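An overview of the molecular structure
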Amino acid sequence: MSIKKHEKVIDRIEGVAAGIIKALDREEVPLLSSESKNTEKCFTLSQSRSFTSALMVLSYCHSLLLSNRSTTTREVYYFFVTHFRNQRECEQAIWDAADLLGVSRISLGLAASPKGWFCGSLKIVRKNNITDAAALSSIQGLPITREWLEPEKDFEVRSNASCILVIEKEGIYNRLSEDRFFETVPCILVTGKGVPDLATRSLVWRLYQQFRLPVLGICDCNPYGIGVLFTYFRGSKRIGVDGEDRYSVPIEWLGLRPSQVEKLRKENKLPFDVYQKLTEFDRKKIKSYCHHSHDFHGSNHERLQELLLMKRNGYKVELEALQWIGVNYICHWLQETLQEYINRRMKGV
């Protein structure tokens, strides 16, 4: 982070503190105005804990930025471990602090511990030092770190990949990585291990922006998996300036789609036990996805039909179920599915 960015955030934190002190001197209730939303947060008895938590985070970040350092959100939690009830409460206080200043979390000097992984047809160059994402030291590949949020000037990426494969499940990612699927089909494998963090979304966005590769999503055939893909497509409203359209990419729903599951069912390739009944919550999520104003399908009629098919079938299936057919079936299925996708693209479908 540059010195100018440090100074800007430090000034905003000091401005918030000065405003609170002036209000207290006048014996008034402090009002905290959000820089990213047209709202004000009022210090009331019911909000005193969240108010205090946000100020504690701002105080910590103020010291952090003054010393030109950075840390993980996990370290913030342990610094205030006697105050925060759990990591989730700490995370919420961090989002509140960032939202209050109208800045990203990375601008506060904070980042989540690496969550996602990537590997495949990609090379990273830093000061003439080349890291090959295909030269795996473990099946996980390389961790997705905060450098993808704000790359240094000497940070360069090279690739001969034909697509970016975003995989919801870590287990499926590990299978494809271990089998070196990227040698069969030149591609970049990415997993956020469920809902992606900012660094994972930033990596996918930067690779898409630079190489204009198709981003293809692989998830469970259920509403939660669809929600994971939608996070890459449209972000999340709950994380302020780091959410919404930031790092959004036009991701394709490659699989596991209801029509693909229906085909496997008709061919009796999967046991009855893998078909899980949709819950009431699942049905509500599908209904919201099917709404005419929802961005997930938009004008994509095929995607809408897939959602309606899931609703009619009344069941969901996890990706791991495909491994019941055979340990190598995932790679075989994905290769066939990619070829079908290429054929559809060539026909303009």
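It should be noted that the structure appears before, not after, this text.
Please read these numbers as outputs of a predicted model, since none were measured by experiment.

**Description of the pairing of strand β13 (residues 251-255)**
Counting buried residues in β13 gives four out of five residues, a clear majority hidden from the surface. Strand direction decides the pairing type here: strand β12 (residues 215-218) and β13, joined by four bridges, are parallel. Paired with L216 across the bridge in β13 is E252.

**Re the sheet that holds strand β6 (residues 123-126)**
Ordered in space as β7-β6-β9, the three strands form an open sheet in which the pairing is antiparallel. Every interior strand has two partners, whereas the edge strands, β7 (129-132) and β9 (155-158), have only one. On average, each strand axis in the sheet is tilted by 20° relative to the strand beside it, whichever way the strands run. Bridge count for β6 against β7 is four bridges, and the pairing is antiparallel. Each bridged residue has a counterpart across the sheet, and for K123 the counterpart in β7 is D132.

**Overview of helix α11 (residues 301-313)**
Spanning 13 residues, α11 covers 18 Å between terminal C-alpha atoms, matching the ideal 18 Å at 1.5 Å per step. Among all positions in α11, only R303, L304, E306, L307, L309 and M310 are buried. Of the surrounding elements, those touching the buried residues of α11 are α8 (223-234), β13, α9 (258-266), α10 (280-290) and β15 (315-316). Positive backbone phi, at 80°, marks G314, one or two positions downstream of α11.

**Topic: α8**
Taking 1.5 Å as the rise per residue, α8 with twelve residues should run 16 Å; its terminal C-alpha atoms sit 16 Å apart, in good agreement. Within α8, ten of the twelve residues are buried, leaving the element largely enclosed by the surrounding structure. Along α8, the residues classified as buried are P223, G225, I226, G227, V228, L229, F230, T231, Y232 and F233.

Rules behind the numbers
- Residues numbered from 1 in each chain as written.
- Predicted model: local features only at pLDDT ≥ 70, side-chain atom pairs only at ≥ 80, totals over all residues.
- Heavy atoms only, no water.
- Buried < 20%, exposed > 50% of the residue type's maximum accessible area, 1.4 Å probe, protein only.
- Helix = DSSP H or I, 4+ residues; strand = E, 2+ residues; numbered from the N terminus.
- Pairing = 2+ DSSP bridges.
- Axes fitted to C-alpha atoms, helices over the stretch in contact; angles between N-to-C directions.
- Expected span 1.5 Å × (residues − 1).
- Contact = heavy atoms within 4.5 Å.

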